[in-house]
Amino acid sequence: MNPFTSFLVAVFFGLGLVAGFWINDVLALLFFAAGVITALSLKMANAWQKFVILRLGKLQSVKGPGLFAIIPIVDSVVAIIDERIQTTAFNAEQALTRDTVPVNVDAIIFWHVHDAEKAALAITNYREAIDRVAQTSLREMIGSSMLAALLSDRKDADELLKSEISRKTAPWGISVSSVEIRDVAIPEALQDAMSRQAQAEREKQARVILGSAEAAIAGKFVEAADIYAGHPAALQLRAMNIIYETTKERGATILIPTGMVDSLNPLTSALSLSLAAQEVKENTPQQMT
């Protein structure tokens, strides 16, 4: 009984007591009867409620929200439907994926009643039915999905579950707002295997990248060698820059062999080679004679 109806009933009973004590018993009985009729007939639905009313076993109307009256004995309220968004958690344990991997999946569904008449008359217990339909649809989705897709494409799996559950619950006057998969648990042995596989893939990718870098560096070295071959002075400048870079640190002592210094001077190296060649030519005839 709602507060407003309770107040009216209390007023009628109070008037009945006063009338019985001060006036007469007939008037008191009338006030008592009015209180009883008010208690049985006056109903009030909250903003989120719908009252499904049957009259002599047939659907009379769906009332609410607000204050309304029914005919006692003739009318009866068979269901009070809450039209707010509801949440139902469901799961599937040891369900096999398409590639025969057992998984445990936890999910949650957000739904609401959009047709109170269907929810009250088309099914016995719509809350229990939603739970059963959600579990069945989840198992069907798992059985038709590969493990990799189930782990990576959560949004697609959510949309698939939403459309499937909505199709089954629409005749009951129930709309599904969204379905969210909260967790997908796989066996520990499979987790270790997948971890090793992922590690191997990362190592493979790292080696491929390293090989590509080595090839690119080798190509640059070839280009540099071609440039240095055509411009010996550039090689000398590069060598002097390397020496400068190595001696920038304070307190560092660098020992450079004199032969290395001579080899870095292309003019000196060319002069030495020409003198050596000339000496070989001069000594060759003397040895033959």
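Here, the structure is the one placed above.
Now for a quick tour of the structure. (Residues numbered from 1 in each chain as written. Predicted model: local features only at pLDDT ≥ 70, side-chain atom pairs only at ≥ 80, totals over all residues. Heavy atoms only, no water.)

Before going further, it helps to examine the overall build of the protein. Counting its regular elements, the protein contains 10 helices and eight strands. The 289 residues of the protein split such that 24% are buried. A separation threshold of at least 6 residues defines the contact pool for the protein, and within that pool the share at least 24 residues apart is 62%. On the protein, roughly 19,200 Å² of surface is accessible, and the fraction owed to carbon and sulfur atoms is 60%. (Helix = DSSP H or I, 4+ residues; strand = E, 2+ residues; numbered from the N terminus. Buried < 20%, exposed > 50% of the residue type's maximum accessible area, 1.4 Å probe, protein only. Contact = heavy atoms within 4.5 Å. Areas by Shrake-Rupley, 256 points an atom, 1.4 Å probe, with all protein chains shown as cover.)

Here strand E2 (residues 49–55) pairs with strand E3 (residues 58–63) via five bridges, running antiparallel. Paired with Val52 across the bridge in E3 is Val62. Connecting E2 to the antiparallel partner E3 that follows it, the hairpin turn spans two residues, and Leu56 within it adopts a positive phi of roughly 55°. (Pairing = 2+ DSSP bridges.)

Attention now goes to helix H1 (residues 3–22). If you check H1, its first and last C-alpha atoms are 28 Å apart, about what 20 residues at 1.5 Å a residue would give, namely 28 Å. Among the residues of H1, Thr5, Val9, Gly16 and Ala19 are the ones counted as buried. Along the axis of H1, the buried positions cluster into a sector of 90°, meaning they face one direction only. The outward face of H1, more than 90 degrees from its buried face, is lined by the exposed residues Pro3, Phe7, Leu17, Phe21 and Trp22. (Expected span 1.5 Å × (residues − 1). Arc of directions from axis to C-beta.)

Okay, the packing of aromatic side chains next. In total, this model carries three aromatic pairs according to the counting rule given. Seen from their ring centres, Phe13 and Phe32 are 5.6 Å apart, and the 70° between their planes marks the pair as edge-to-face. Taken together, the residues Phe13 in helix H1 and Phe32 in helix H2 (residues 25–41) connect sequence positions 19 residues apart. On the basis of an interplanar angle of 75° and a centroid distance of 5.4 Å, the ring pair of Phe51 and Phe68 is categorised as edge-to-face. Here Phe51 is found in strand E2, whereas its partner Phe68 is found in strand E4 (residues 66–69), with 17 residues between them in sequence. A relative accessible area of 9% means that Phe68 is categorised as buried. (Phe/Tyr/Trp six-rings, centres within 6.5 Å; stacked < 30°, edge-to-face > 60°.)

Turning next to the side chain of Ser145. With respect to the secondary-structure elements, Ser145 resides in the loop between helix H4 (126–143) and helix H5 (147–152). Discounting residues that sit within four places of it in the chain, Ser145 has contacts with Thr97, Arg98 and Asp99.

Turning our eyes to something else, we now look at a nonpolar patch on the surface. On the surface, Val18, Phe21, Trp22 and Ile23 cluster together to form a nonpolar patch covering roughly 540 Å² of accessible area. Taking relative accessible area as the criterion, Phe21 reaches 63% and is therefore assigned exposed. (Patch = residues over 30% accessible without salt bridge, like charges linked within 9 Å, V, L, I, M, F, W, Y side chains within 5 Å. Salt bridge = Lys/Arg side-chain N within 4 Å of Asp/Glu carboxyl O.)

To continue, consider the sheet that holds strand E5 (residues 75–82). Read across the sheet, three strands follow the order E3-E2-E5 without closing on themselves; strand pairing throughout is antiparallel. In the strand order of this sheet, the two ends are held by E3 and E5, each with one partner. Between one strand axis and the next, the sheet turns by 25° as a mean value, whatever way the strands run. Pairing of E2 with E5, which is carried by seven bridges, proceeds in the antiparallel orientation. (Axes fitted to C-alpha atoms, helices over the stretch in contact; angles between N-to-C directions.)

As a further point, take the nonpolar core. Of all hydrophobic cores here, the largest spans 36 residues; its most connected members are Val103 and Ile142. When residues of this core are traced back to their parent elements, those giving at least two are E5, strand E6 (86–96), strand E7 (102–113), helix H3 (116–121), H4, H5, helix H6 (154–169) and strand E8 (174–185). Among the elements that take part in this core, H4 stands out by supplying eight residues, more than any other. Not counting residues up to four positions away in its chain, the partners in contact with Ile142 are Ala92, Ala95, Leu96, Thr97, Arg98, Val103, Val105 and Leu150. Core analysis: the second largest hydrophobic core is formed by five residues, Phe51, Ile53, Phe68 and Ile70 among them. (Core = buried A, V, L, I, M, F, W, Y, C linked by side-chain atoms within 4.5 Å.)

It is worth spelling out the pattern of salt bridges at this point. Evaluation of the coordinates by the stated rule reveals eight salt bridges. For Asp82, the salt bridge goes to Arg84, with nearest N and O atoms at 2.7 Å. According to the relative accessible area criterion, Arg84 is partly exposed, its value standing at 42%. Linking Lys168 and Glu140 is a salt bridge whose minimum nitrogen-to-oxygen distance equals 3.7 Å. One end of the pair, Lys168, is in helix H6; the other, Glu140, is in helix H4, and 28 residues separate them in sequence. According to the relative accessible area criterion, Glu140 is partly exposed, its value standing at 43%. Residues joined by salt bridges that share partners form a network here, namely Glu140, Glu164, Arg167 and Lys168.

Here the bond from Gly64 into Pro65 is cis, since omega is -5°, no more than 30 degrees from zero. The residue Pro65 is located in the loop between E3 and E4 in this model. A positive phi angle, near 70°, is found at Ile73, a position not held by glycine. Inspection of the secondary structure puts Ile73 in the loop between E4 and E5.

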